[in-house]
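Single-letter residue listing:
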Amino acid sequence: MTCPHCKQHHAHRSHRSGLADRIRRLFQMIPYRCRTCKRRFYAFRAGEQSPRMRTNEERKIMELRRRLKWKRTKRELIIYGFAALFVAIVIYLITRPSTAPLSGS
Ligand SMILES: [Zn+2]
């Protein structure tokens, strides 16, 4: 994360503390602290990915994370889909009317 005061890429997430942070949280603002100049600042969650605040490497990592997350979500959706299909087949087999001929008649 790039510090807006000294322009160094040494800012990291800061712990939320106090009422001011909690109020800012409602507006999707995340606290950061710069390791170089020790100043604290806030960034909007949506603005986090802007090239002004992120280095190229950071954005590449974020992109990769997003892709991996989507891949996992897709796999989960497929698994849930098959599970739902399986349950539907079982319910169909249990509830379908029996067509087997009676023996001995
Ligand atoms: Zn700084």
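Asker: I would appreciate a short explanation of the overall build of the chain in the present structure.
Answerer: Counting its regular elements, the chain contains 2 helices and 3 strands. Listing each helix as α and each strand as β along the chain from the N terminus yields β-α-β-β-α. Compactness check: the chain gives a C-alpha radius of gyration of 27 Å against a globular reference of 13 Å for 105 residues, more than 25% above the reference. By its C-alpha atoms, the chain is 95 × 35 × 15 Å across when sized along the principal axes. Expressed as a percentage of the 105 residues in the chain, the buried residues total 8%. The contacts in the chain between residues at least 6 apart in sequence include a share of 37% that link residues at least 24 apart.

Asker: Just checking my understanding: could you explain the pairing of strand S3 (residues 40–44) for this structure?
Answerer: Regular strands place their side chains on alternate faces of the sheet. Bridging between strand S2 (residues 29–34) and S3 involves 5 bridges; their strand directions are antiparallel. Considered in S3, the bridge of Arg33 is made with Arg40. The antiparallel hairpin formed by S2 and S3 contains 5 residues in its connecting segment, where Lys38 sits at a positive phi of about 65 degrees.

Asker: In this structure, what is going on with helix H1 (residues 18–26)? I would like to understand it.
Answerer: Every α-helix winds through 3.6 residues per turn, so residues three or four apart in the chain are directed the same way. Burial of H1 is sparse: only 0 of the 9 residues sit out of reach of the surface. After H1 finishes, the residue Gln28 shows a positive phi value of roughly 60 degrees.

Asker: How do you make sense of the sheet that holds S2 when you look at a structure like this?
Answerer: Each strand in a sheet pairs with its neighbour through backbone hydrogen bonds, running either in the same direction (parallel) or in the opposite one (antiparallel). If you trace the 3 strands from one edge of the open sheet to the other, you get S1-S2-S3, paired in antiparallel fashion. Of all strands in the sheet, those bounded by a partner on one side alone are strand S1 (11–13) and S3. The average undirected angle you get between the axes of adjacent strands in this sheet is 40 degrees.

Asker: Can you walk me through the environment of Val87 in this structure?
Answerer: Position of Val87 relative to the elements: it lies in helix H2 (residues 56–95). Take Val87: there are 10 C-beta atoms within 10 Å of it, and that puts it in the exposed class. Measuring from C-alpha to C-alpha, the distance between Val87 and Thr55 comes to 48 Å, with 32 residues separating the pair along the chain.

Asker: Honestly, the pairing of S2 in this entry has me stumped. Any pointers?
Answerer: As defined by bridge partners, S1 adjoins S2 across 3 bridges and the pair is classed as antiparallel. Looking at S2, one finds that Ala11 is bridged to Cys34.

Asker: Even after reading the chapter, I still don't get the confidence of the model for the chain, so can you show me in this structure?
Answerer: Interpretation of this model should avoid reading the predicted coordinates in detail wherever pLDDT is low. The share of residues in the chain with pLDDT of 70 or more is 94%, and the mean pLDDT across the chain is 88. Ranking the helices and strands of the chain by mean pLDDT puts H2 first, with 94, and S3 last, with 90.

The rules behind each value
- Residues numbered from 1 in each chain as written.
- Predicted model: local features only at pLDDT ≥ 70, side-chain atom pairs only at ≥ 80, totals over all residues.
- Helix = DSSP H or I, 4+ residues; strand = E, 2+ residues; numbered from the N terminus.
- Rg over C-alpha atoms; globule rule 2.2 N^0.38 Å.
- Buried ≥ 20, exposed ≤ 12 C-beta atoms within 10 Å, placed from the backbone.
- Contact = placed C-beta atoms within 7 Å.
- Pairing = 2+ DSSP bridges.
- Axes fitted to C-alpha atoms, helices over the stretch in contact; angles between N-to-C directions.
- pLDDT = per-residue confidence, 0-100.

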